[in-house]
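Summary of the model geometry
Residue strings, one per chain:
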Amino acid sequence: DKTQIEDALRAVLHTILFNRSLGPVVPTEKNMLSFDNITYVSCGIPKVEENVDKAISKFCSNLQLVGPGLGGGQLWVSFYERREKKSIFWDTR
């Protein structure tokens, strides 16, 4: 069921992003719609919510049939760190 996939992905992505968040965030407890008595934590930032929903929508639209009534797909979560470039011979400020 598409709603179960969306719900499970939402819980996994928000849990990962909450645990990786930098700086102070206020945890927001969310209930899963498709699975009773299961909750997850979100960082409660509207832009993060929007990006997660976009990623889930894109993922679901790209699912491929792998069997009767079964869809399959892959989802990557990547984190990057921006580092300041340091010059060896001259000051770039």
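Quick caveat: nothing in here was measured; it's all calculated off a predicted structure.

What follows is about a nonpolar patch on the surface. A cluster of nonpolar residues, Val-12, Ile-16, Leu-75, Val-77 and Phe-79, forms a patch on the protein surface that exposes about 380 Å² of accessible area. Its place among the elements puts Leu-75 in the segment after β4 (70-72). Residue classification places Leu-75 among the partly exposed residues on the basis of a relative accessible area of 37%.

Further remarks concern the packing of helix α1 (residues 2-20) against helix α2 (residues 46-61). In contact at an axis separation of 10 Å, α1 and α2 are set at 140° when each is read in the N-to-C sense. If you check the angle between α1 and α2, you find them oblique. Crossing geometry of α1 relative to α2 is assigned as right-handed. Seen from α1, the contacting residues are Lys-2, Ile-5, Glu-6, Leu-9, Arg-10, Leu-13, His-14 and Leu-17; seen from α2, they are Val-48, Glu-49, Val-52, Asp-53, Ile-56, Phe-59 and Cys-60.

Under the criterion given, the structure shown has 4 salt bridges. Where Lys-30 meets Glu-49, a salt bridge forms, and the shortest distance between an N and an O atom there is 3.3 Å. Separated by 19 residues along the polypeptide, Lys-30 in strand β1 (residues 28-31) and Glu-49 in helix α2 bring together distant segments of the chain. Judged by its relative accessible area of 18%, Glu-49 is buried. Note that Glu-50 and Lys-47 form a salt bridge whose closest N and O atoms lie 3.9 Å from each other. Here Glu-50 pairs with Lys-47, and both are found in helix α2, just 3 residues apart, close to one helical turn. Note on Glu-50: relative accessible area 37%, which makes it partly exposed. Overlapping salt bridges, with partners in common, bring together Lys-47, Glu-50 and Lys-54 in one network.

Turning next to the nonpolar core. Listed in full, the 6 residues of the largest apolar core are Leu-9, Leu-13, Val-52, Ile-56, Phe-59 and Cys-60. Taken together, the elements giving at least two residues each to this core come down to α1 and α2. Per-element tally for this core: the top contributor is α2, with 4 residues. Residues contacting Cys-60, with those up to four places away along its chain left out, are Lys-2, Ile-5 and Glu-6.

Cut-offs applied
The residue numbers shown here count from 1 along each chain, following its written sequence. Confidence filtering applies because this is a predicted model: local features only for residues at pLDDT of at least 70, side-chain atom pairs given and counted only at 80 or more, and all residues used for totals across whole chains, interfaces and linings. Only hydrogens and water are set aside; all other atoms, that is, all heavy atoms of the structure, feed into the side-chain values. Candidates for patches are residues over 30% relative accessible area with no salt bridge; among them, like charges are joined within 9 Å and nonpolar side chains (Val, Leu, Ile, Met, Phe, Trp, Tyr) within 5 Å. Using a 1.4 Å probe, the Shrake-Rupley method yields the accessible areas, and only the shown protein chains count as cover for residues. We define a salt bridge as a side-chain nitrogen of Lys or Arg found within 4 Å of a carboxyl oxygen belonging to Asp or Glu. Secondary structure elements are defined from DSSP: runs of H or I of at least 4 residues count as helices, runs of E of at least 2 residues count as strands, and each element is numbered from the N terminus. Here's how the labels work: a residue is buried when its accessible area is under 20% of the maximum for its type, exposed when over 50%, partly exposed in between, all with a 1.4 Å probe on protein chains only. Helix axes are fitted only over the stretch in contact, all axes being lines through C-alpha atoms; the angle between N-to-C directions runs from 0 to 180 degrees. Orientation is classified from the angle alone, with under 35 degrees giving roughly parallel, over 145 giving roughly antiparallel, 65 to 115 giving roughly perpendicular, and any other angle giving oblique. Crossings are assigned a handedness: left-handed for a near helix turned anticlockwise from the far helix by less than a right angle, right-handed for a clockwise turn. Every residue pair with non-hydrogen atoms within 4.5 Å of one another is taken to be in contact. To define a nonpolar core, start from buried Ala, Val, Leu, Ile, Met, Phe, Trp, Tyr and Cys residues and group those joined through side-chain atoms within 4.5 Å.

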